[in-house]
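As a plain string of letters, each chain reads:
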Number of protein chains: 2
Amino acid sequence: MPKKLTIRDIAELAGVSKSTVSRVLNAKQDVDPATREHILKVIEEHTFVLDMAASKLAGGRSRLIGSLIPSLAWPLMPEIMRGISEVVAQSPYELILYSITHEQVHHDKEQRDIISRILHSNLASGILAVFPGPSICYLTELYEEGFPVVIIDDRSEPTSVPWVSADNRLGAHAATKYLLQLGHRRIAHIQGPADYRASQERYLGYCDALQEVGLAPDPDLVCPGGFTPTDGRSAASHFITMPNRPTAIFASNDHVAYDVLAAADEHGIRVPEQLSVVGFDDIAPSSYSRPPLTTVRQPFYEMGKQATEMLLALLERPSTQRRLQIADSPYAPEIHPKAPQLNQMHSPTRVRMSTNLVERSSCSPYKGHIDC
Amino acid sequence: MPKKLTIRDIAELAGVSKSTVSRVLNAKQDVDPATREHILKVIEEHTFVLDMAASKLAGGRSRLIGSLIPSLAWPLMPEIMRGISEVVAQSPYELILYSITHEQVHHDKEQRDIISRILHSNLASGILAVFPGPSICYLTELYEEGFPVVIIDDRSEPTSVPWVSADNRLGAHAATKYLLQLGHRRIAHIQGPADYRASQERYLGYCDALQEVGLAPDPDLVCPGGFTPTDGRSAASHFITMPNRPTAIFASNDHVAYDVLAAADEHGIRVPEQLSVVGFDDIAPSSYSRPPLTTVRQPFYEMGKQATEMLLALLERPSTQRRLQIADSPYAPEIHPKAPQLNQMHSPTRVRMSTNLVERSSCSPYKGHIDC
DNA sequence: CTGTTAGCGCGTTCAT
DNA sequence: ATGAACGCGCTAACAG
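Residues numbered from 1 in each chain as written. Chains lettered and ligands numbered in written order. Predicted model: local features only at pLDDT ≥ 70, side-chain atom pairs only at ≥ 80, totals over all residues. Heavy atoms only, no water.

Student: Let's hear about the packing of aromatic side chains: which residues, and what values?
Tutor: The final tally for this structure, using the stated rule, is 8 aromatic pairs over all chains. Centroid distance Tyr203(A) to Tyr206(A): 6.1 Å. Interplanar angle 35 degrees. Geometry classified as tilted. Highlighted residues: Tyr203(A) and Tyr206(A), both in helix H9 (residues 197–212), separated by 3 residues, approximately one helical turn. Residue Tyr203(A) is classed as partly exposed on the basis of its relative accessible area, which comes to 22%. Seen from their ring centres, Phe250(B) and Phe280(B) are 6.4 Å apart, and the 50 degrees between their planes marks the pair as tilted. Of this pair, Phe250(B) sits in strand E8 (residues 248–251) while Phe280(B) sits in strand E9 (residues 276–281), and the two are 30 residues apart along the sequence. (Phe/Tyr/Trp six-rings, centres within 6.5 Å; stacked < 30°, edge-to-face > 60°. Helix = DSSP H or I, 4+ residues; strand = E, 2+ residues; numbered from the N terminus. Buried < 20%, exposed > 50% of the residue type's maximum accessible area, 1.4 Å probe, protein only.)

In structure tokens:
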């Protein structure tokens, strides 16, 4: 193990002073292009890397991003993390994982503790928070005090903190419209948890599509469900066994859609012949379910990327002016379809990414009622 | 935002010198219990936390663990991560995520790059490597040079690096024995990838159980498969459609078991009435498959915990003598059933955790052949 | 047992 | 455009 080189070693090797090397390393101006080149070459040859601890201590940036992550077991997390990691890997930053136990997700105090741990340890110079839940208020405070924070989706309404999510309403609209175009008219919806913004938005998208064709949402065809496995069991059974049952079901998400698939199987109803079902999220197992599930894909990977790029943009700004301006950021997003142009300061930054319908085999055209 | 306190502030507040504060912070001996208490109180009152950057720079430990993680999309990862996070959270350490893209998993060079990135950035003072694959050789080098490394399972044989995995052979033995006890005699096995140690071990466990009842493994009942979704499709169809088909199938893992379930469904074979199937891993969807899958649970959560505890034990040791001795470690594992007693130095540390059969609904007693 | 001194590796003034 | 000196917050010698 060759002993770790310091900036001084490089300075000596290049025949200059530490300061000059430091300047090159931090991309300062006022360095002779020739010496810059030379120093860069020496650095390259010796694969020298700055000591982050020392750099941070001396007043430089820490190049560490803290990520506040809910249970990695949520099936949407891996893709989000992939997006995050990819951007981080191509940057000079590293990612610290502050993951939250499932238990803690709902406990306000625990979250406050974690955040204070992040702050006090003084490591991370920015925070990426996925589904922060109750801690959103602390994060908002932090952000308003100038600490870089970006949020990836959440249960509640976005605050002033830059915020990335998918367009749930449009996605739900697309799903419902698709069923309508297949000829379905009795389309049921199993809702997500009432306290999730996404549930509301999906419900609204469902209503939007219905109203477009002059249909009013039928209260009998809307049932509460949830977002986790088996949350949709009873609603699914209810719809399937009710007299004059719906010919299609739009589930709050894929997990609930699986419940519908299972319930249908149990009651001898064939999908898609006798019942069409659409999910939401497009998590991995949806490609392999029986039948493969038609669903609305949330661009989790892209959301992770987008959010990380936004955070990096914040991080690269002088700390005095840490409001995000997407427009002139070096990490300007390519994808933010419905994002309003936010060039002026102090306007909340929200990026809403577009979803898209993934057609698989769980839907078929309505051909009149088929008895069991 | 109250300005960050330094160790000097605390020293002044407590009326002692920085060194003394440092000593109590680092749990050194030779501190008067009275002053220790007093300082601790002051620290507590002001919720002071050491600046890790400065601490590290000054020669202290970095309290940062680097985790080398393959795709988080592997369904076993969330549980492993949960185990890791939980132990890390209760320690003064933080976790840096060096996650590897799926593409990179197999590319030797990329991995070497990541490891050198870890080393050069000089942040992490230890590495937790999950399924390191090709980079195991670098990790071994590192470990032999005294850098703390612990590995959680891998495709190849363990090296001198401390290593945690589940007992695949015993697990497979249990699964097969279970089927035998249900009366099955024609038990097929779909194998995992040939270059995975786990595949071999599971196959051996399968043979063990067969031989115990005087049966020789029938080459016609063993097929190559894989570990990822759809890897088992063709093998499953093959077994199901073959004349005198097996009455039970032991799949290399749960994904492959799902393929068997799907193939059975497709061919109108009822599980478990006409065919019993057992998986391996017990990943989350196995509780919700149709029918719920009987499978061998790998204790991923416990493996994550165990490995992290081992790493912490290494980290807390003086760097001169960084060979792991489980016995007198403060993090001595409670669970390592078949682990040999490794109290002497220089012996490789392997912890093999026990699996256990989770009975659900995909198996039933053999009652003679039932035609479709 | 405790305080004093001297750096750790780097960024940032100041000079030049 | 570049170099010298100082200090970030802390730990590790050494005194006492």
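Anyway, onward from the coordinates.
Student: Lay out the protein's contact with DNA strand D with the relevant residues and their values.
Tutor: Taken together, 27 residues surround DNA strand D, and among them Ser19(A), Thr20(A), Ile7(B), Lys18(B) and Ser22(B) come closest. For DNA strand D, the fraction of atoms within 4 Å of the protein that belong to sugar or phosphate moieties is 62%. Measuring from a phosphate oxygen of DNA strand D, one finds a side-chain N or O atom of Thr35(A) at 3.1 Å. The backbone of Asp51(B) places a nitrogen or oxygen atom 3.4 Å from a phosphate oxygen of DNA strand D. (Near = heavy atom within 4 Å. Polar contact = N/O pair within 3.5 Å; in protein donor to acceptor, adjacent residues only side chain to side chain.)

Student: Which residues make up the side chain of Ser71(B), and what values do they have?
Tutor: All names here are of chain B. Residue position: Ser71 is located in the loop between strand E1 (64–69) and helix H5 (77–89). Judged by its relative accessible area of 14%, Ser71 is buried. A distance of 3.0 Å separates the side chain of Ser71 from the backbone nitrogen of Ala73, its partner in a polar contact.

Student: Residue-level account of the pairing of strand E5 (residues 163–166) of chain B, with values.
Tutor: In regular strands, side chains alternate between the two faces of the sheet. All names here are of chain B. Side-chain alternation along E5 places Trp163 and Ser165 on one buried face and Val164 and Ala166 on a second face that is also buried. The sheet contact formed by strand E4 (residues 149–152) and E5 spans 2 bridges and is parallel. Note that in E5 the partner of Ile151 across the bridge is Trp163. One ladder, built from 4 bridges, connects E5 with strand E11 (residues 350–353); its direction is parallel. For Ala166, the partnering residue across the bridge sits in E11 and is Met353. (Pairing = 2+ DSSP bridges.)

Student: Describe helix H3 (residues 33–45) of chain A, with residues and values.
Tutor: Residues and elements named next belong to chain A. Taking 1.5 Å as the rise per residue, H3 with 13 residues should run 18 Å; its terminal C-alpha atoms sit 18 Å apart, in good agreement. Those residues of H3 that are buried are in contact with helix H1 (7–14) and helix H2 (18–25). You can read the cap of H3 off the contacts: a side-chain oxygen lies 2.8 Å from the backbone nitrogen of Ala34, and it is on Asp32. With its phi angle positive at about 40 degrees, Thr47 sits one or two positions after the end of H3. (Expected span 1.5 Å × (residues − 1). Contact = heavy atoms within 4.5 Å.)

Honestly, that's just the spatial picture; any functional story needs more than this.
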